[in-house]
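Residue-level structure breakdown
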Amino acid sequence: MQRYTQELLQPWADSARRLRLKDIAFTDHDRYHTGIDFDEIDRLRERNPDLQIRAGIELDNDPIHSPAGRKWIEKNWDKLDFVLGSVHFLGRADQMFDSVPDGAAQFEGRKVDDMYADYFRRLRELIATGLVDSLAHLDLIKIHGHRPTADIGTLISETLEFIRVRNLAVELSTAGWRKPVKELYPSDSIIKLAMGKEIQFTTASDAHSHAQLGENFVNLAHKMAEIGIRQVCIFEKHKRAEVPLQL
Ligand SMILES: [Zn+2]
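Residues numbered from 1 in each chain as written. Predicted model: local features only at pLDDT ≥ 70, side-chain atom pairs only at ≥ 80, totals over all residues. Heavy atoms only, no water.

Two elements in contact, helix α4 (residues 112–127) and helix α5 (residues 153–165), have axes whose closest approach is 10 Å; the angle formed by their N-to-C orientations is 5 degrees. Here α4 lies roughly parallel to α5, going by the angle between them. Only Leu155, Ile156, Glu158, Thr159, Phe162 and Ile163 of α5 make contact with α4, whose side of the interface consists of Tyr116, Ala117, Phe120, Leu123, Arg124 and Ile127. (Axes fitted to C-alpha atoms, helices over the stretch in contact; angles between N-to-C directions. Helix = DSSP H or I, 4+ residues; strand = E, 2+ residues; numbered from the N terminus. Parallel < 35°, antiparallel > 145°, perpendicular 65-115°, else oblique. Contact = heavy atoms within 4.5 Å.)

The following block contains the structure:
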């Protein structure tokens with residue numbers, strides 16, 4: 001955990017400016033919530049008036065830490081612009097299945113189809129908390145390159161329907177391109193199914209350092225143009241606004 005200070009945060013604003021990003025969101029994992037300081041975010045906003053800086057967090061299903069994270073989010077809901085929801089834990093409480101490369105061992109001796117069903121069930125459980133604005137890396141389960149053998153169309157459709165009914169967004173995350181799967185999160189087919197349901201998208205690089213900010217956004221822009229996504233959405237105090245893309 002790192003406590004928010006100007007020394008920690010300002011390099012992110014500098015990176016954003018260099019990349020000509022106008023709007024960024026901090027979305028630390030909820031297990032690091034004790035480091036988040038809204039006053040420091042306000043100071044950063046004052047020091048960087050040319051940028052929109054969103055206060056966010058990523059709530060996951062960490063069996064050990066997320067109960068406290070959920071409480072913190074409920075308590076600070078009105079100060080947060082944006083909550084991402086994600087699933088990082090399957091059978092083991094002590095290891096995220098998306099740890100690279102160690103998490104791949106969690107797939108050994110198990111049926112990939114069962115793992116996919118388990119993953120999406122947990123994702124729906126997380127969505128049902130009502131504490132989420134957008135779903136992070138929706139098909140993270142593919143991270144190590146395991147592909148389902150059965151058709152998962154129904155599983156995906158049910159999950160997207162869950163998302164649509166609650167009026168949530170889905171994140172397009174370039175992080176997948178730097179992982180073993182080397183593919184955008186989520187896959188093209190999921191994006192198209194989501195578009196069919198008029199679900200809106202947020203964009204992310206899931207940067208774990210300011211050097212990763214906006215990674216592969218040029219490729220993402222190409223992908224979005226190719227698929228026909230003409231707008232993204234942003235959140236201010238959980239209120240969604242749609243931003244048309246300049247083509
Ligand atoms: Zn995540």
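Across the sheet, six strands lie side by side as β1-β2-β3-β4-β5-β6; this open sheet has parallel pairing. Pairing within the sheet leaves two strands with one partner each, and these edge strands are β1 (23–29) and β6 (201–204). Note that strand β3 (residues 82–85) and strand β4 (residues 134–135) share two bridges and pair parallel. Pairing of Leu84 across the sheet is with Ser134, part of β4. Its contacts with the sheet put helix α2 (residues 38–47) on β1 and β2 (52–59), and the angle it makes with β2 is roughly 150 degrees. (Pairing = 2+ DSSP bridges.)

What follows is about the nonpolar core. In this structure, Phe97, Tyr119, Ile141, Leu160 and Ile163 are the most contacted members of the largest nonpolar core, which totals 62 residues. The greatest single-element share of this core, amounting to eight residues, is contributed by α4. When residues no more than four places from it in sequence are discounted, the contact partners of Leu160 are Leu138, Val170, Ile190, Leu193, Ala194, Lys197 and Ile199. Counting six residues, the second-largest nonpolar core is a separate cluster that includes Phe82, Leu84, Ala136 and Cys233. (Core = buried A, V, L, I, M, F, W, Y, C linked by side-chain atoms within 4.5 Å. Buried < 20%, exposed > 50% of the residue type's maximum accessible area, 1.4 Å probe, protein only.)

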